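Letter by letter, the chains look like this.
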Amino acid sequence: MKPIVSIIMGSTSDLPIMEKAAQLLNDFEIPFEMNALSAHRTPVEVEQFAKNAESRGIKVIIAAAGMAAHLPGVIASMTTLPVIGVPIKSSLEGIDALYAIVQMPPGIPVATVGINASLNAAILATQMLALGDEKINALLKAYKQGLAQKIVDANQQLSKIEYKFKTN
């Protein structure tokens, strides 16, 4: 089984955040890989990864980084594959990482999700893959219907709660 999504994090300390992305991809039976690479500490390895990802069969890259957060942009500068950046809250409440990832120069886009929002990164990667894969598309539709059902169920539970001045 060859991976089609790559989850890259600047450090293994990001793993608790990135596990949500890994779990969703696993639940959808999408083959993926996980690696730690640093734009600052292992730049040669980052370059090798980015330049070889497509030839290895990778279709989408999810790259997480905190603080200066150059990893997603550096990867995006060396590949034509879609890169989804996940800013990690490590300092300045993650705003520094968010700005570093979202403010890319023209021609080097990085799709950026919210701070620590690896689940949304995995959903976005899945949506990209679903464009050419009916099985993934069906799983994604069922997942989204499940999200809607959770709200319907929550409203049913709320309707059972009684207060003197509650009208519904």
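Our subject is the structure that appears above.
In this report, the structure presented in the accompanying data block is examined.

Procedures and definitions
Residues numbered from 1 in each chain as written. Predicted model: local features only at pLDDT ≥ 70, side-chain atom pairs only at ≥ 80, totals over all residues. Heavy atoms only, no water. 1 Å grid on protein atoms, 1.4 Å probe; cavity = no way out; pocket = protein on both sides within 12 Å on 5 of 7 lines; lining within 4 Å. Points joined across faces, edges and corners; volume = space filled by probe spheres on them. Nonpolar A, V, L, I, M, F, W, Y, C, P; charged D, E, K, R; others polar. Helix = DSSP H or I, 4+ residues; strand = E, 2+ residues; numbered from the N terminus. Buried < 20%, exposed > 50% of the residue type's maximum accessible area, 1.4 Å probe, protein only. Contact = heavy atoms within 4.5 Å. Phe/Tyr/Trp six-rings, centres within 6.5 Å; stacked < 30°, edge-to-face > 60°. Pairing = 2+ DSSP bridges. Right-handed = clockwise from strand over helix to strand, strands pointing away.

Computed from the structure, the largest pocket encloses a volume of approximately 250 Å³. A per-class count over the lining of the largest pocket returns 8 nonpolar, 8 polar and 2 charged.

Here Ser-38 lies in the loop between β2 (32-36) and α2 (43-52). With relative accessibility at 9%, the residue Ser-38 sits in the buried group. Excluding anything up to four places from it in sequence, Ser-38 contacts Gly-10, Pro-43 and Val-46.

The subject of this paragraph is the packing of aromatic side chains. For the coordinates displayed, the defined rule picks out 1 aromatic pair. Ring centres 5.8 Å apart and planes at 70 degrees place the aromatic pair Phe-28 and Tyr-143 in the edge-to-face group. Highlighted residues: Phe-28 in the loop between α1 (15-27) and β2 and Tyr-143 in helix α6 (residues 134-159), separated in sequence by 115 residues. In this structure Tyr-143 comes out as partly exposed when scored by relative accessible area, which is 23%.

Glancing now at the pairing of strand β1 (residues 5-9). Buried residues dominate β1, accounting for 5 of its 5 residues. Of the two faces of β1, the one carrying Val-5, Ile-7 and Met-9 and the one carrying Ser-6 and Ile-8 are both buried. Relative to β2, β1 runs parallel, the two being bridged by 5 bridges. Bridging from a neighbouring strand, Ile-8 pairs with Asn-35 of β2. Each parallel crossover has a hand, and the one from β1 via α1 to β2 is right-handed. When β1 meets strand β3 (residues 60-66), the two strands line up parallel, connected through 5 bridges. Its bridge partner lying in β3, Ile-7 is registered against Ile-62.

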